[in-house]
Amino acid sequence: MKVMVIGGGGREAAICKKLRQSPRVTELFALPGNGGIADYATCVPIGVKEIEKQVAFALNEKIDYAVVAPDDPLALGAVDRLTEAGIPCFGPDQKAAQIEASKAFSKRLMQKYKIPTAKCEIFDDFQKALSYLETCPLPVVVKASGLALGKGVVIASTRAEAQNAVRAMMEEKVFGESGNCVVLEEFLTGPEVSVLCFTDGKTIVPMVSSMDHKRAHDGDTGPNTGGMGTIAPNPFYTDKIAKTCMDTIFLPTIRAMASEGRPFQGCLYFGLMLTPDGPKVIEYNCRFGDPETQVVLPLLQSDLFEVMLACTEGRLGQMRVEFSRSCACCVIAASGGYPARYEKHKAITLSENARAHADFAGVERTPDGTLYTSGGRVLGITATAPTLQEAIGQAYALCREVQFEGLFYRRDIGARALAGLEE
Ligand code: AMP
Ligand code: GLY
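Quick caveat: nothing in here was measured; it's all calculated off a predicted structure. (Residues numbered from 1 in each chain as written. Chains lettered and ligands numbered in written order. Predicted model: local features only at pLDDT ≥ 70, side-chain atom pairs only at ≥ 80, totals over all residues. Heavy atoms only, no water.)

## A look at unusual backbone geometry
Now for step 1: Looking along the chain, the bond that leaves L138 and enters P139 is cis, with omega of -10°.
Now for step 2: Note on placement: P139 falls in the loop between helix 7 (126-133) and strand 7 (140-144).
Now for step 3: Omega for the peptide link from A232 to P233 comes to -10°, which places this bond in the cis form.
Now for step 4: Tracing the chain through its elements places P233 in the loop between strand 15 (229-232) and helix 9 (239-259).
Now for step 5: In the Ramachandran plot, K62 falls in the positive-phi region, its phi being about 55° despite a non-glycine side chain. (Helix = DSSP H or I, 4+ residues; strand = E, 2+ residues; numbered from the N terminus.)

## Re the side chain of K103
Now for step 1: Among the structural elements, K103 can be located in helix 6 (residues 103-112).
Now for step 2: We note that K103 is buried and unpaired, the nearest opposite charge coming from E283 at a distance of 4.0 Å.
Now for step 3: Not counting the four nearest positions on each side in its chain, K103 is found in contact with K143, A144, S145, V183 and E283. (Buried < 20%, exposed > 50% of the residue type's maximum accessible area, 1.4 Å probe, protein only. Lys, Arg positive; Asp, Glu negative; His and termini not counted. Salt bridge = Lys/Arg side-chain N within 4 Å of Asp/Glu carboxyl O. Contact = heavy atoms within 4.5 Å.)

## Examining empty space enclosed by the protein
Now for step 1: Applying the stated criterion across every chain, the model contains two cavities of 30 Å³ or more.
Now for step 2: The calculated volume of the largest cavity comes to roughly 50 Å³.
Now for step 3: For the largest cavity, the full set of lining residues is I99, E100, K103, S106, K107, M110, K143, E185, I282, E283 and Y284.
Now for step 4: For the lining of the largest cavity, the elements supplying multiple residues, two or more each, are helix 5 (94-101), helix 6 and strand 17 (278-285).
Now for step 5: For the lining of the largest cavity, the element with the most residues is helix 6, which contributes four residues.
Now for step 6: Residue classes in the lining of the largest cavity are distributed as four nonpolar, one polar and six charged.
Now for step 7: In this structure, the second largest cavity encloses a volume near 40 Å³.
Now for step 8: What lines the second largest cavity is V68, A69, L74, F90, G91, P92, C267, C286, R287 and F288.
Now for step 9: In the lining of the second largest cavity, the residues fall into eight nonpolar, one polar and one charged. (1 Å grid on protein atoms, 1.4 Å probe; cavity = no way out; pocket = protein on both sides within 12 Å on 5 of 7 lines; lining within 4 Å. Points joined across faces, edges and corners; volume = space filled by probe spheres on them. Nonpolar A, V, L, I, M, F, W, Y, C, P; charged D, E, K, R; others polar.)

## Topic: the pattern of salt bridges
Now for step 1: Within the structure shown, the criterion is met by 24 salt bridges.
Now for step 2: The salt bridge partner of E283 is K214, with a shortest N-O separation of 3.8 Å. Here E283, found in strand 17, pairs with K214, found in the loop between strand 12 (211-212) and strand 13 (215-217); they are 69 residues apart in sequence, far enough to count as distant.
Now for step 3: Ionic pairing is found between E322 and R320, a salt bridge with its closest N-O pair at 3.2 Å.
Now for step 4: Owing to a relative accessible area of 63%, R320 belongs among the exposed residues under this scheme.
Now for step 5: The network of salt bridges with shared partners includes D220, R410, D412 and R416.

## Some remarks on the layout of surface pockets
Now for step 1: Of the volumes computed, that of the second largest pocket is approximately 450 Å³.
Now for step 2: S209, P233, Y237, D239 and R325 are, among the 16 residues lining the second largest pocket, the residues nearest its centre.
Now for step 3: Considering each element in turn, the lining of the second largest pocket owes the most residues, four residues, to helix 9.
Now for step 4: Grouping the amino acids of the lining of the second largest pocket by side-chain chemistry returns ten nonpolar, four polar and two charged.

## A word on the side chain of E185
Now for step 1: Among the secondary structure elements, E185 is positioned in strand 9 (residues 182-186).
Now for step 2: For E185, a relative accessible area of 4% corresponds to the buried category.
Now for step 3: Within the local environment of E185, its side chain forms a polar contact with the side chain of K107, the two groups lying 2.8 Å apart.
Now for step 4: A polar contact is formed between the side chain of E185 and the side chain of K143, at a distance of 3.1 Å.
Now for step 5: If sequence neighbours within four positions are ignored, E185 has contacts with K107, A118, K119, C120, V140, V141 and K143. (Polar contact = N/O pair within 3.5 Å; in protein donor to acceptor, adjacent residues only side chain to side chain.)

Geometric values such as these leave the question of function open.
In structure tokens, the structure reads:
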């Protein structure tokens with residue numbers, strides 16, 4: 001089978017690596033891929049939002065199957081267009097992708113179907129949002145309704161901070177159209193868990209749980225980023241909590257989407273908070289998480305291609321999806337300054353062993369094979385081991401075998417999880 005993966009970050013590197021292990025995948029393309037993904041797939045310089053070019057490439061190359069990984073092409077209807085052109089896809093269509101693309105949509109869905117989530121009010125009128133902020137409980141969480149690269153969330157502990165955030169989103173349009181509508185949400189507390197699930201729209205199969213580390217610096221300080229590291233499984237997510245989530249969140253969500261005429265096929269990501277009142281949804285993503293994928297897929301023992309195809313063809317209920325009982329840790333090596341300004345085009349050197357464990361993200365390759373930095377999150381190093389402690393130790397040992405000017409990474413990925421195991 002000729003398979004193409006749309007995307008070019010660390011998540012897509014992990015997906016390509018896993019698809020390569022499938023005996024059914026004979027040729028693999030990445031659009032656009034990156035200098036590191038080129039180790040696993042033929043990279044084609046077509047951007048993630050260039051839907052028409054993606055379709056033309058797929059038809060020209062007689063691609064048998066497409067995996068649409070990032071949020072932007074999903075929200076733009078890449079799956080709809082590829083499917084119309086006769087190419088089966090893994091990923092939700094445009095209508096189902098709304099579950100991530102519009103927080104106003106997903107919050108209303110949860111309210112309508114009584115899926116546990118933070119209480120909220122939704123505003124598309126600036127003055128009304130301001131007057132709500134005069135009396136609402138604090139802290140209040142301010143969210144741009146549309147896509148904002150994970151940066152459209154402000155936890156405001158004062159009214160002035162909340163007003164500034166709403167003004168920046170609705171009036172100054174710092175996230176463009178994404179801030180036309182804002183969600184003002186109750187502040188929740190508790191450990192966070194990411195659960196990625198395979199679904200064909202009827203059956204939903206959770207993968208191993210994981211924990212992201214979104215802040216840039218140690219001790220969960222500094223600005224929010226796309227994610228600085230992950231561990232799996234998440235020790236706070238017990239079997240009992242998993243059962244509650246299946247009954248009150250996962251199944252109700254796919255049933256709700258089906259009832260709304262938006263059946264969801266692909267990977268549905270649940271960002272959960274384990275609050276004192278039980279697990280609640282913080283966000284949905286209509287795709288694999290980055291860098292969650294980098295720790296979850298190495299633990300998948302089943303053939304990823306077979307599982308994806310079963311989702312597309314509506315026969316996930318007949319598949320066995322198996323995960324190893326090992327643990328995984330991914331540490332992201334970033335460019336100095338990220339998530340704000342950082343320099344690019346620094347030569348990367350790394351040992352063979354580190355390279356074997358790397359998922360490259362912001363990386364370019366020159367014709368002579370040298371790797372250079374080209375983004376904020378440069379690469380992730382993932383190690384798997386029988387215990388979490390060993391996985392963390394091995395990931396950090398490998399990080400020391402990676403060098404580029406300005407390189408930094410958090411030193412405490414998994415530390416809270418280890419503390420949780422001791423509780
Ligand atoms: P989101 O982009 O919606 O996942 O939000 C980014 C981060 O903000 C989450 O991972 C949480 O750490 C935090 N957050 C979002 N919503 C809430 C909430 N209602 N209460 C507390 N923290 C939140
Ligand atoms: N790691 C969070 C995300 O992919 O949005």
